[in-house]
Amino acid sequence: MTAQAPSPTARRPLLLGLIGTGIQLSRTPAMHMREAAAQGVGCVYRLIDLTELGLGAEALPELLVAAERMGFDGLNVTHPCKQAVVPLLSELSPEAAALGAVNTVVLRGGRRIGHNTDCSGFAEGFRRQLPDVALGRAVQLGAGGAGTAVAEAALRLGIGTLTLFDMDRARAEGAAAALCARHGAGRAVAGTDLASAMAAADGLIHATPTGTAAHPGLPLDPGLLQARHWVSEIVYFPLETALLRTARAKGCRTAHGGGMAVFQAVHAFGHFSGLMPDADRMLAHFASL
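Rules and cut-offs
Residues numbered from 1 in each chain as written. Predicted model: local features only at pLDDT ≥ 70, side-chain atom pairs only at ≥ 80, totals over all residues. Heavy atoms only, no water. Helix = DSSP H or I, 4+ residues; strand = E, 2+ residues; numbered from the N terminus. Rg over C-alpha atoms; globule rule 2.2 N^0.38 Å. Buried < 20%, exposed > 50% of the residue type's maximum accessible area, 1.4 Å probe, protein only. Contact = heavy atoms within 4.5 Å. Areas by Shrake-Rupley, 256 points an atom, 1.4 Å probe, with all protein chains shown as cover. Lys, Arg positive; Asp, Glu negative; His and termini not counted. Charge placed at Lys NZ, Arg CZ, Asp CG, Glu CD. Phe/Tyr/Trp six-rings, centres within 6.5 Å; stacked < 30°, edge-to-face > 60°. Polar contact = N/O pair within 3.5 Å; in protein donor to acceptor, adjacent residues only side chain to side chain.

Engineer: Residue-level account of the overall build of the chain, with values.
Structural biologist: From N to C terminus, the chain includes eleven helices and twelve strands. Here the C-alpha radius of gyration of the chain, 19 Å, is about what a compact globule of 289 residues would show, namely 19 Å. Looking at the chain residue by residue over its 289 residues, the buried ones come to 53%. In the chain, the share of contacts with a sequence separation of at least 24, taken over all contacts with a separation of at least 6, comes to 71%. When the accessible area of the chain is evaluated, it comes to approximately 11,800 Å², of which 56% is carbon and sulfur surface. For the chain, the distance from the average position of its 24 positive side-chain charges to the average position of its 23 negative side-chain charges is 4 Å.

Okay, structure coming up:
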């Protein structure tokens, strides 16, 4: 993807932010600011860390109003706000409406426009890191805001059957039903027995916060992983999670969460700025951080 020259209106500085919990190690601000600088545009990107502020997702309405009043051009939204933000928006892209989750909010002309770039971001990262793996059956852990987008991407990538697990079983069932409505009966199911599902699966997608700096640990019993499995992670801080370390030690092929992190940012930058981001340059930015 090659960058185009900024338009006169796009040259004004951008003011952006990220809302979520435990986001101090996020590389998203640096990626946006460096890409903006490379395109000759000023950009300030602020972290709005709910953990640091002692707030929860219930603070979203006041945070959105504050961002609008302070002239923010847009906000990225991460755990636990990707679904909670949806009813607070004026408009949703078709992708965001279908998924019921938003990670990118453009603030423009008094309107709040929600997009989901997690889906396309995960798909591009997966294709680049696991280009020729078996896609018959996969298990996904997590059916929340990021999980719904990742599951959609998984089926678009060609995974035949996706078995979803979530601490909230009703959420997994709802996500599976929505996926089947879009992709056909039987393409997604809510799992009941993780051990059996893993025994039948070609690979594992991890889409929960477990493994982040704020939520360290493994999301499943390591004994369920076999060398024949591929493992795709969405956590990227740290880039080397306990899950990836364990999987590689067992001989699994793996994909780290940096792919999704970069490509969701590539697509979000385009929405925020109106410019064509340079994906290879943003990959290089990410690798240098």
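Let's pick the thread back up.
Engineer: An account of the packing of aromatic side chains is needed here, citing residue identities and associated values.
Structural biologist: For any pair of aromatic rings, the description consists of the separation of the ring centres together with the inter-plane angle of the planes. As enumerated under the stated definition, the model contains four aromatic pairs in all. Ring geometry for Phe122 and Phe126: centres 5.9 Å apart, planes at 40°, overall tilted. Of the two residues, Phe122 and Phe126 both sit in helix α5 (residues 118-129), four residues apart, roughly one turn of that helix. Each member of the pair, Phe122 as well as Phe126, carries the same accessibility label: buried. Their ring planes at 55° and their centres at 5.9 Å tell us that Tyr236 and Phe286 sit as a pair that is tilted.

Engineer: Explain the side chain of Glu35 to me, and be specific about the residues and the numbers.
Structural biologist: Tracing the chain through its elements places Glu35 in helix α1 (residues 28-38). We classify Glu35 as buried; its relative accessible area is 0%. Side-chain polar atoms of Glu35 contact the side chain of Arg281, separated by 2.8 Å. Leave out the neighbours within four places in its chain, and Glu35 touches Phe269, Pro277, Asp278, Arg281, Met282 and His285.

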